Amino acid sequence: MRVALVTGGSKGIGQKVCLALANEDTIVAVGFNNNSIGADKTVELITQKNLQAFAVHIDITSAKSVDSAFSEIEKKYNVVSILINNAGITKDNILPRMSEDEWDYVLDTNLKGAFRTTKKAIKGMIKNKWGRIIYISSVVGIDGNAGQSNYAASKAGLIGFAKSISKEVGSRNITSNVVAPGYIETDMTATFSKEQKEVILDKIPIKRLGKGEDIANIVSFLASNESEYITGQVIKVDGGLVL
Amino acid sequence: MAALFFDLEGVLMEVNEVYKKVKSLFIDELGIEEEKISMESKLEEDLEIDSLGIVEVVMAFEDEFNIEIDDEELSNIGTVGEAVNLLHSKL
C-alpha cells in the first residue's frame, strides 16, 4: 500500500483531493493543523467507501511538527510516496499597507512549508525509487493579483521549487508537478457578492467557477503510475481564465 | 602484549568488516564495479557517483548499520575510506 499525505485535508480542495486519492492501493494521510473535526470528516468519507485513511496533525510552519507527522505515518504504515502540498493561507493587503509579518507568515506557510514537507518526504521516495510530489499553487502565482503580492509570490515560488525538484530526482522515478487552480467554489469564494461573481464569470470561458473535484481529478492523475512521463509542469485548472 | 595485539587485531577486523559491507553496498545499490573500489577511491571522481547517489548510498548505510548520519557529516564524505571511518566511529 502506498501512503499519500495531503496537507490541509480538512476541507475545500484538500478534502476533495483526499477523496480522489483513496483507492485499493493508496492509504490517505489527511493532514490537518487546527481543524481536526474537518479531518475526521474527510477520514469518515473515505472509510465509508471501505478505503483507508487516517488523520495526522501537521503544522507545516514547524519543522518539528513535520518531523513528528512523518515519523507517525512511517511507524503506522509506510513512507510517504505521494505528497500533496495543499495547505496554504492568505493575508491580503496592498503593498504600501502590508506588514513584514503578513509577508513572512504567508511565505513561511505556503512556500517554506512545502520545502519542509518535501525535504522530509524525498528521502523515502529516493529509497523506493518512486514518488509523486504535487504542489497546489494558484493562477495568481502566474498572473499576479492586486492585494495579494505575498500570496502570489509564495505561489510563484512553488513553481520554481517544483521545477528544480523535478530536475533533481527525475532519474529516480520521482515526478514533481504544480496544479494551479483558478476560482474554485470554496469558503473563500462563497463570500463573493453576486456582482463580484458576475465580473469573474465574465472572464472565464467555461462559464462557471471551478469545483474541488476539478482539481482533485488532475491531482489524482498526476499521483498515479500513468503520469510517469509528466514532470516539472504547471497545469492550470481555471476554466480558461489565464491563457 | 598479547592482550594489546588482540585488541588491535579486533579493531582492525572491525574496520575491515565495515569496509567489506560498504563495498558490497556500493556494488549492490549503485552497480559499481568491484575492482574500482578501494579505501582511497573518491566517490565523485573515481566512482562517478553524483550527489544524489551519495545520498542514496548514505541512506543504505543508515539502514545497514542502524545509525543516523546528519547533513553536515554527509557533506564531509569524499572517499570510500572517509565513509568507512565515519561509520566505524558510529558503531
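Located above this text is the structure these notes cover.
Heads up: these notes are all about the structure in this document. (Residues numbered from 1 in each chain as written. Chains lettered and ligands numbered in written order. Predicted model: local features only at pLDDT ≥ 70, side-chain atom pairs only at ≥ 80, totals over all residues. Heavy atoms only, no water.)

1. Brief notes about the layout of surface pockets
Part 1 of the reasoning: Here the largest pocket defines a volume of roughly 1500 Å³.
Part 2 of the reasoning: Forming the walls of the largest pocket are 49 residues, and the residues nearest its centre are Gly88(A), Ile89(A), Thr90(A), Tyr151(A) and Met188(A).
Part 3 of the reasoning: Of all the elements in the fold, those that place two or more residues in the lining of the largest pocket are α1 (12–21), α4 (100–128), α5 (140–143), α6 (149–169), α7 (187–190) and α8 (194–203) of chain A.
Part 4 of the reasoning: The leading source of residues in the lining of the largest pocket is α8(A), at 4 residues.
Part 5 of the reasoning: Tallied by class, the residues present in the lining of the largest pocket amount to 20 nonpolar, 22 polar and 7 charged.
Part 6 of the reasoning: Taken as a whole, the second largest pocket holds about 1300 Å³ of empty space.
Part 7 of the reasoning: What lines the second largest pocket is a set of 36 residues, and nearest its centre among them are Lys119(A), Lys120(A), Lys123(A), Met59(B) and Asp71(B). (1 Å grid on protein atoms, 1.4 Å probe; cavity = no way out; pocket = protein on both sides within 12 Å on 5 of 7 lines; lining within 4 Å. Points joined across faces, edges and corners; volume = space filled by probe spheres on them. Helix = DSSP H or I, 4+ residues; strand = E, 2+ residues; numbered from the N terminus. Nonpolar A, V, L, I, M, F, W, Y, C, P; charged D, E, K, R; others polar.)

2. Some points on the sheet that holds strand β6 (residues 174–181) of chain A
Residues and elements named next belong to chain A.
Part 1 of the reasoning: Strand order in the open sheet formed by 7 strands is β3-β2-β1-β4-β5-β6-β7, and the pairing between neighbours is parallel. Looking along the sheet, the strands with just one partner apiece sit at the ends: β3 (53–57) and β7 (234–237). Between one strand axis and the next, the sheet turns by 20° as a mean value, whatever way the strands run.
Part 2 of the reasoning: Pairing of strand β5 (residues 131–136) with β6 involves 6 bridges; the strand directions are parallel. The partner of Tyr-135 across the bridge, within β6, is Val-178.
Part 3 of the reasoning: Contacting β1 (2–6), β2 (26–32), β3 and β4 (80–85), helix α3 (residues 63–76) crosses the sheet at an angle of about 155° to β3.
Part 4 of the reasoning: Set on the sheet, helix α9 (residues 212–222) makes contact with β4, β5, β6 and β7; between it and β6 the angle comes to about 170°. (Pairing = 2+ DSSP bridges. Axes fitted to C-alpha atoms, helices over the stretch in contact; angles between N-to-C directions. Contact = heavy atoms within 4.5 Å.)

3. Focus on a negative patch on the surface
Part 1 of the reasoning: Where like charges cluster on the molecular surface, the negative patch consists of Glu44(B), Glu45(B), Asp46(B) and Glu48(B).
Part 2 of the reasoning: With respect to the helices and strands, Glu44(B) occurs in the loop between α1 (2–30) and α2 (51–65). (Patch = residues over 30% accessible without salt bridge, like charges linked within 9 Å, V, L, I, M, F, W, Y side chains within 5 Å. Areas by Shrake-Rupley, 256 points an atom, 1.4 Å probe, with all protein chains shown as cover. Salt bridge = Lys/Arg side-chain N within 4 Å of Asp/Glu carboxyl O. Lys, Arg positive; Asp, Glu negative; His and termini not counted. Charge placed at Lys NZ, Arg CZ, Asp CG, Glu CD.)

4. So, the interface of chain B and chain A
Part 1 of the reasoning: Listed as interface residues are 7 residues of chain B and, on the opposing side, 9 residues of chain A.
Part 2 of the reasoning: Where chain B abuts chain A, roughly 790 Å² becomes buried across the two surfaces, and 50% of that area is made up of carbon and sulfur atoms.
Part 3 of the reasoning: Contact with chain A buries area across many residues of chain B, yet Leu52(B), Glu56(B) and Met59(B) alone supply 64% of it, more than any other trio.
Part 4 of the reasoning: Counting across the chain B and chain A interface gives 5 salt bridges.
Part 5 of the reasoning: Of the charged contacts in the structure, one is a salt bridge between Asp71(B) and Lys119(A), with a shortest N-O distance of 3.2 Å.
Part 6 of the reasoning: At the junction of chain B with chain A, the criterion picks out 4 residue pairs in polar contact (both at pLDDT 80 or more).
Part 7 of the reasoning: It is α2(B) that contributes the most residues to the side of chain B that touches chain A, 5 residues altogether.
Part 8 of the reasoning: By residue class, the composition of the side of chain B that touches chain A is 2 nonpolar, 1 polar and 4 charged. (Buried area = accessible area lost by both parts, 1.4 Å probe. Polar contact = N/O pair within 3.5 Å; in protein donor to acceptor, adjacent residues only side chain to side chain.)

5. Focus on the packing of α4(A) against α2(B)
Part 1 of the reasoning: Where α4(A) meets α2(B), the axes come as close as 10 Å, and the angle between the chain directions of the two elements is 90°. Here α2(B) runs roughly perpendicular to α4(A), going by the angle between their axes. Of α2(B), the residues touching α4(A) (which contributes Lys123(A), Ile126(A) and Lys127(A)) are Leu52(B), Glu56(B), Met59(B) and Asp63(B).
Part 2 of the reasoning: Tallied by class, the residues present in the contact of α4(A) with α2(B) amount to 3 nonpolar, no polar and 4 charged. (Parallel < 35°, antiparallel > 145°, perpendicular 65-115°, else oblique.)

6. Considerations on empty space enclosed by the protein
All names here are of chain A.
Part 1 of the reasoning: Scanning the model with the defined rule gives 1 cavity of 30 Å³ or more in all.
Part 2 of the reasoning: Computed from the structure, the largest cavity encloses a volume of approximately 60 Å³.
Part 3 of the reasoning: Residue lining of the largest cavity: Thr-7, Ile-60, Asn-85, Asn-86, Ala-87, Asn-110, Gly-113, Ala-114, Thr-117, Ile-136, Lys-155 and Leu-158, and that is the complete set.
Part 4 of the reasoning: Secondary structure elements with two or more residues in the lining of the largest cavity: α4 and α6.
Part 5 of the reasoning: In terms of residue count, the dominant contributor to the lining of the largest cavity is α4 (4 residues).
Part 6 of the reasoning: Its residues placed into classes, the lining of the largest cavity shows 5 nonpolar, 6 polar and 1 charged.

7. Section: the nonpolar core
Across soluble globular proteins, nonpolar side chains have a tendency to be buried as a group.
Part 1 of the reasoning: With 56 residues, the main nonpolar core has Leu5(A), Val22(B), Phe26(B), Phe61(B) and Val80(B) as its most contacted residues.
Part 2 of the reasoning: With 9 residues, α2(B) is the largest single contributor of residues to this core.
Part 3 of the reasoning: Every residue in contact with Val80(B), bar those within four places of it in the chain, is listed here: Tyr19(B), Val22(B), Phe26(B), Ile37(B), Ser38(B), Met39(B), Ser41(B), Leu43(B) and Leu47(B). (Core = buried A, V, L, I, M, F, W, Y, C linked by side-chain atoms within 4.5 Å. Buried < 20%, exposed > 50% of the residue type's maximum accessible area, 1.4 Å probe, protein only.)

8. Quick notes on the packing of α4(A) against α6(A)
Residues and elements named next belong to chain A.
Part 1 of the reasoning: Running from N to C, α4 and α6 cross one another at 15°; their axes reach a closest spacing of 9 Å. Taken together, the axes of α4 and α6 lie roughly parallel to each other. Seen from above, α4 lies across α6 with right-handed handedness. In contact with Glu-102, Trp-103, Val-106, Leu-107, Asn-110, Leu-111, Ala-114, Phe-115, Thr-118, Ile-122 and Ile-126 of α4, α6 contributes Ser-149, Asn-150, Tyr-151, Ala-153, Ser-154, Lys-155, Gly-157, Leu-158, Phe-161, Ile-165 and Val-169.
Part 2 of the reasoning: When its residues are assigned to classes, the contact of α4 with α6 shows 14 nonpolar, 6 polar and 2 charged. (Left-handed = near helix turned anticlockwise from the far one by under 90°.)

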